[in-house]
Each structure stands twice: as C-alpha cells, then as structure tokens.
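# Descriptive structure summary
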Amino acid sequence: MNEVLNTLEPKILWKYFGEVLQIPRPSKKEEKIRAYLVDFAKQHQLECKTDKTGNVLIRKPATPGHENSPCVILQSHMDMVCEKNSDSKHNFDTDPIKVTLADGWLMAEETTLGADNGLGVATELAILASDDIEHGPLECLFTVDEETGLTGAFGIEKGFLSGKILLNMDSEDDGQFFIGCAGGIDTVIEYPYTKEAAAPELAYFEVAVKGLTGGHSGDDINKGRANANQLLARFLYNLQQKCDFRLSSFNGGNLRNAIAREAIAVIGTAPGNEKLLSDAIAEFKQIFAHEYRLTEPHLDLSCTKAQTPTFLMADANRDALIYALLACPHGVLRMSDEIANFVETSTNLASVKTLDDHVLICTSQRSSVESAKHAAAQRVAACFKAIGAKTQHSEGYPGWNPNPHSPILKLTLDTFKDLFHEEGKALAIHAGLECGLFSEKYPDMDMVSYGPTMRGVHAPGEKVELSTVTRFWLLTKEILKRL
C-alpha cells in the first residue's frame, strides 16, 4: 500500500483505496478493476455476479440479529476521469496514481486522483471485508463507465438488484445529501474542412492557452472558470483584426464532463507580422488575466515558434470554425427559479480535435428541466449547423426527481445530526448521477447520494479532505446499523 496512506484512519478504508489506486481504470477500460472485484469476492467467499454490461454485484449476508432488516444497496462506479497536465508522462492505462498529503488533504499533483469514485469503491470493499460492522443484507453494486456515458447504469436490468434502499457514494460535499440531479445529453459536431499545402514562406507559431483550473462540468460550471477553447477562439477572432494568418489546427480539452483547461492552435503568418502577433499576445494575456483574476490565477496565453505543418485549412474553414467556437454557448444558461443558487441549465464546450479531414467538437448539456436540456442541445447544434457541420445528439440520460419525504433521507439526516451535532442539507445537484437511471428501472427504490468533500474533481490536483472521509465512514456505518 502507498506509504502516504499507511498513516491514515480509518485504516481499512485507506487500505482498499490504496489498492484501487494501483489499478488502471479509465472509462470503458474497467477490465482490471472488474477482475480485482471478482477476485475480492472469491477471497472473502461472497456471492458475486456480473451482468452483460460489465457491472459487478457482490452480496454479503446480514450480521447476526439483523437478518430481518431491509436489504441495502451500496453503489459506486469503477471508472475514473483520466486528466493530466500536458507535461506529465503518466500513462493511465498502466501506471498507478501517485498521491501526496498537504494541509489535511490527499491529492494527486499531475493527474486526477480518482477519489471520484474510488473512495466509494474502497468504502464498499472495506464494509464487505469488515467483521465488526452491524448491517442487514447488503448488495454492493459497482458500475462501469459512469464518466463517459453512464453505460453501466443504462445497462442495469430489472431483477439484477433486490434491495429497495440505495446509498449512492458519488457526491462531493460533506454534510450535503442529494436527492435529485440534472439530466444530460451530449452534442457532437463534425466539421469537414479543405486541406491546402502549408506555405513554406510563412512563419509558424503555436498559440496556447494553459494553466486554467478546469473542473467538473456539472459541479463547477457556475464558478466563473474560463474555458480554454473559447479563450483561444476569442484570441484568434481578435487576431484577425490585427494581422492576416493561416490556421493549421485547433486542439483543446479532452473529456465531455470536464471544463477545458488547455487549448493550442498552430498558425502561420508572414514573418513581418511577428511583432503584431507578439503584441496581440501581450494585450490579450493582460485582458484575460484581468477578467479572470479571481478564478484563474495561473492563466497563461503564450506563443512559441513551431515547425512547418503538413497542411493548412482553407481560409473559409478557418473563419467559420473560429466564429462558431466563439459563438457556441458555454456555462450557465439559466438558474433555477425554485431552488436558490441552483443551476437549472448549462452547457460545456468540452473538446475540439483537429483530425485528418474534419474537426471533432464535443459538448455536453445538463438541465433539471427535460425540455430545457433539449433546447440547450439544439442551441449548440444550431451554431455549427450554420457553418455546414454535421451534428448528432446522444441518447442522453434522465434527471432524478427529488423526493423531500424520502425515508432514507430522513434517517440519513437524523444520523448525521446525532453523530456530528450539525444539520445536514438536503439538495439537488446539477451534475448527473446514476440514480436517475436506477429510478427508471426501479421506480420504488428509495435513494440518497452523499460523500466526503472533494475539490478539483475531473482535473489534475483533484483532492479529498481527510477529516470528511472519517465522517463519511462513521456515517455510513451508523446508517447501516440503524437500518
């Protein structure tokens, strides 16, 4: 186990989190973590089954005296968001996650930590392995591919689960208990372009926006953070007013549910325009730094010499792409009229990738209002249809309608108050949770989602507050005992 984790309590939870950190588990590549879970069940002589989607369910009988208690489902997802700094050599397909301690937080410096949702996985394993926790019959559900498509939750079939109470361990604020979430949909754009030979007489440069905070496109969308794709598009739009340039490529962002932290364009311009380019970089670096002085302290706009590329986009394609990226909405589209400080509808301009014959643009929309979710997706699509791009919407996933009278919510809030002498908060969350899909398959299931405090989720530097992990562990054990 990682030496850093040896010093932490509760030991059994951190033991299993340390093991999870050693196992590569990118979305859609959960083979190794699934094999680990199945082997764990065999070692502990527990009933285990997998479904055709790849989800794993491990059952544990009730402890003596609790045989007649209701069956409870503990649920987390196997996969993690795999984001790293551009200069990191970490390979998410093979390398374990490296962690460090700082001021009461456990964090990964160059990569995402995977506490989302590795701590949920570790908590389930610790409960399954423990012999000193009182509980009724348990079903521990581990789903696949939550981060890039909710594939596991979509694939859950009726009858796979028998419990009627579900504790989802995929939330990120101590003392906040979620009973509702937004639905989501992805809008993917393919913009074809015409290639032209790169002019050898031009000077070529790599223009980059880096150093942004990024974050979760649900939890962090209302925090005023910059989107690297839009900042770069904005700079290129303004550069056109100052000097002529050609565009070879535009690449930024990675995952649909992460706010883009970096974006890079390769451009070519006449050697005589180099000072104009340098001055424009200096001007907009100052403008961006001022506009985002509170939310993006490490924002950087830079320009470095580049090798001559193999091709350039036709000027008409350059213009259309820049205009559409700048016009494409990003961020909060509407706040809720019913819940204070709650985002109703948002959109994320997640990634832009220049491929061999087209530019691939991935976006995601979220809303707790189904019609508004589709309207946001149509608005994004319209920006790119106007330039002749092909647009496609994913199937999407439903929201989870809050039930303020939920029995498991009341028990959870009462238990939290008794343990910590604080009032917990019942909330809905703008991020997507698998609970919305569970409620479609099992409409009578009573659910609540909670977890320890995490920050920077879906971005390098992701961290979890250690004291809240202890509280999360104590709360979960006491809920199981009271049930």
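The paragraphs below set out a description of the structure included in this document. Within every chain, residues take consecutive numbers counted from 1 along the sequence as written. Whole-chain, interface and lining totals are the exception, using all residues; otherwise, since this is a predicted model, local features are given only for residues with pLDDT of at least 70 and side-chain atom pairs are given and counted only at 80 or more. The basis for every side-chain value is the complete set of heavy atoms in the structure, and neither hydrogens nor water enter the calculation.

## What about the layout of surface pockets?
The method is simple in principle: a probe with the dimensions of a water molecule rolls over the atoms, and the space it marks as empty is what remains. Roughly 470 Å³ of internal volume is contained in the largest pocket. With a 1 Å grid spanning the protein atoms alone, the term cavity applies to any set of points in which a 1.4 Å probe fits but cannot get out, the term pocket to an open set with protein on both sides within 12 Å along at least five of seven lines, and the term lining residue to any residue with an atom within 4 Å of a point. If you go around the largest pocket, you meet 24 residues; those closest to its centre are Gln176, Asp219, Asn222, Asn341 and Ile429. Only DSSP runs of H or I reaching four residues or more are called helices, and only runs of E reaching two or more are called strands; each is numbered from the N terminus. Broken down by secondary-structure element, the contributors of at least two residues to the lining of the largest pocket are strand 8 (176–181), strand 20 (425–429) and strand 22 (454–455). Broken down by element, the residue count for the lining of the largest pocket peaks at three residues, all from strand 20. A per-class count over the lining of the largest pocket returns 10 nonpolar, seven polar and seven charged. Grid points are joined across faces, edges and corners, and a volume is the space filled by probe spheres set on the points. Charged residues are taken to be Asp, Glu, Lys and Arg, nonpolar residues to be Ala, Val, Leu, Ile, Met, Phe, Trp, Tyr, Cys and Pro, and polar residues to be all remaining types, Gly included.

## What to know about empty space enclosed by the protein
For the structure on display, the rule yields three cavities of 30 Å³ or more. Space inside the largest cavity adds up to approximately 170 Å³. Around the largest cavity sit 19 residues that line it, and Glu146, Glu147, His216, Ala431 and Gly432 are the ones nearest its centre. Of the residues assigned to the lining of the largest cavity, the class counts are five nonpolar, six polar and eight charged. Considered as a void within the structure, the second largest cavity measures approximately 40 Å³ in volume. Broken down by secondary-structure element, the contributors of at least two residues to the lining of the second largest cavity are strand 8 and helix 12 (466–482). Its residues placed into classes, the lining of the second largest cavity shows five nonpolar, three polar and two charged.

## Observations regarding helix 9 (residues 370–385)
In this model helix 9 runs 22 Å from its N-terminal to its C-terminal C-alpha over 16 residues, within 8% of the 22 Å that 1.5 Å per residue would give. Relative accessible area decides the class of each residue, using a 1.4 Å probe on protein chains only: under 20% of the type maximum gives buried, over 50% gives exposed, and in between gives partly exposed. Restricting attention to buried positions, one finds in helix 9 the residues Ala372, Lys373, Ala376, Ala377, Val380, Ala381, Cys383 and Phe384. Contacts were defined at the residue level, with two residues in contact if any of their heavy atoms lie within 4.5 Å. In this structure, the buried residues of helix 9 make contact with strand 9 (183–192), helix 8 (315–327), strand 16 (331–335), strand 17 (343–354), strand 18 (358–367) and strand 19 (390–393). Under the convention used throughout, the expected extent of a helix is 1.5 Å for every residue step, that is, one less than its residue count.

## Focus on the state of the cysteines
Disulfides are defined in this document as cysteine sulfur pairs within 2.5 Å. Overall, the coordinates contain zero disulfides when judged by the stated rule. Here Cys71 stays unpaired: no disulfide links it, and the sulfur of Cys140, its closest cysteine neighbor, is 9.5 Å away. Overall, Cys71 belongs to the buried group, its relative accessible area being 18%. Cys82 takes part in no disulfide bond, and the closest cysteine sulfur, belonging to Cys362, lies 16 Å away.

## Comments concerning a nonpolar patch on the surface
Patch building starts from residues that exceed 30% relative accessible area and form no salt bridge, then joins like charges within 9 Å and nonpolar side chains (Val, Leu, Ile, Met, Phe, Trp, Tyr) within 5 Å. Using a 1.4 Å probe, accessible areas were evaluated by the Shrake-Rupley method; residue-level cover was limited to the displayed protein chains. Salt bridge, as used here, is a side-chain nitrogen of Lys or Arg placed within 4 Å of a carboxyl oxygen of Asp or Glu. Residues Tyr237, Tyr323 and Leu326 make up a contiguous nonpolar surface patch of about 260 Å² in total accessible area. Its location among the elements puts Tyr237 in helix 6 (residues 228–239).

## Description of the environment of Leu427
Relative to the helices and strands, Leu427 is located in strand 20. Given the relative accessible area of 28%, Leu427 is considered partly exposed. On a C-alpha basis, the gap between Leu427 and Gly180 in space is 7.0 Å, while along the polypeptide they are 247 residues apart. With sequence-adjacent residues up to four places away left out, Leu427 is seen in contact with Gln176, Phe177, Phe178, Ile179 and Gly180.

## Focus on the sheet that holds strand 4 (residues 100–102)
Strand pairing in a sheet relies on backbone hydrogen bonds. The paired strands run either parallel or antiparallel. Here the rule is simple: two strands pair whenever DSSP picks up at least two bridges between them. A sheet is described by the order of its strands in space; here four strands give the open sequence 4-5-23-22, paired in antiparallel fashion. On the outer flanks of this sheet lie strand 4 and strand 22, each paired with one strand and no other. In this sheet, strand 5 (residues 105–107) lies alongside strand 4 in antiparallel orientation, the contact comprising three bridges. Bridge pairing in strand 5 places Ala102 opposite Trp105. With axes taken as lines fitted to C-alpha atoms, and helix axes fitted only over the stretch in contact, angles between N-to-C directions fall between 0 and 180 degrees. Helix 12 contacts strand 4, strand 5 and strand 23 (463–465) of the sheet and is inclined by roughly 65° relative to strand 23.

## A closer look at unusual backbone geometry
Cis peptide bonds are those with omega within 30 degrees of zero, and the linkage from Glu9 to Pro10 qualifies with 0°. Tracing the chain through its elements places Pro10 in the loop between helix 1 (3–6) and helix 2 (11–21). Here Asp116 and Asn117 are connected by a cis peptide whose omega angle stands at 10°. Looking at the secondary structure, you find Asn117 in helix 4 (residues 115–129). Here His421, not a glycine, exhibits a phi torsion of approximately 60°, which is positive. Residue classification places His421 among the exposed positions, given a relative accessible area of 70%. With a phi close to 75°, His458 is a non-glycine residue in the positive phi region. On the basis of relative accessible area, His458 is assigned to the buried category, the value being 1%.

## Details of the packing of aromatic side chains
Aromatic pairs are defined between Phe, Tyr and Trp rings, using the six-membered ring for Trp, whenever the two ring centres lie within 6.5 Å; interplanar angles under 30 degrees are classed as stacked, those over 60 as edge-to-face, and all others as tilted. Summed over all chains, the structure comprises 10 aromatic pairs. Note on Phe235 and Phe284: the rings are 5.9 Å apart at their centroids and 80° apart in plane angle, and the pair reads as edge-to-face. Here Phe284 lies in helix 7 (residues 274–291) and Phe235 lies in helix 6, a separation of 49 residues in the sequence. Residue class for Phe284 comes out buried when judged on its relative accessible area of 6%. Counting every residue linked through ring pairs, the aromatic cluster contains Phe177, Phe416, Phe420, Tyr450 and Phe472. The cationic tip of Lys15 hangs over the ring face of Tyr16; the distance from NZ or CZ to the ring centre is 4.1 Å. Whether a charge sits over a ring comes down to the Lys NZ or Arg CZ being within 6 Å of the ring centre and within 35 degrees of the ring normal.

## A short note on the pattern of salt bridges
Using the criterion set out here, one finds 33 salt bridges in the structure. A salt bridge links Asp145 to Lys28, with the shortest nitrogen-to-oxygen separation between them at 2.7 Å. With a gap of 117 residues between them, Asp145 in the loop between strand 6 (138–143) and helix 5 (151–155) and Lys28 in the loop between helix 2 and helix 3 (31–43) connect regions that are remote in the sequence. Exposure remark for Asp145: the relative accessible area of 2% places this residue in the buried category. Residue class for Lys28 comes out exposed when judged on its relative accessible area of 52%. The shortest N-O distance in the salt bridge between Arg261 and Glu83 comes to 3.6 Å. Residue Arg261 is found in the loop between strand 12 (246–252) and strand 13 (263–269), and its partner Glu83 is found in the loop between strand 3 (72–77) and strand 4; the two are separated by 178 residues along the sequence. Three or more residues joined by partner-sharing salt bridges are found here, namely Glu196, Asp244, Arg246, Asp315, Arg318 and Asp319.

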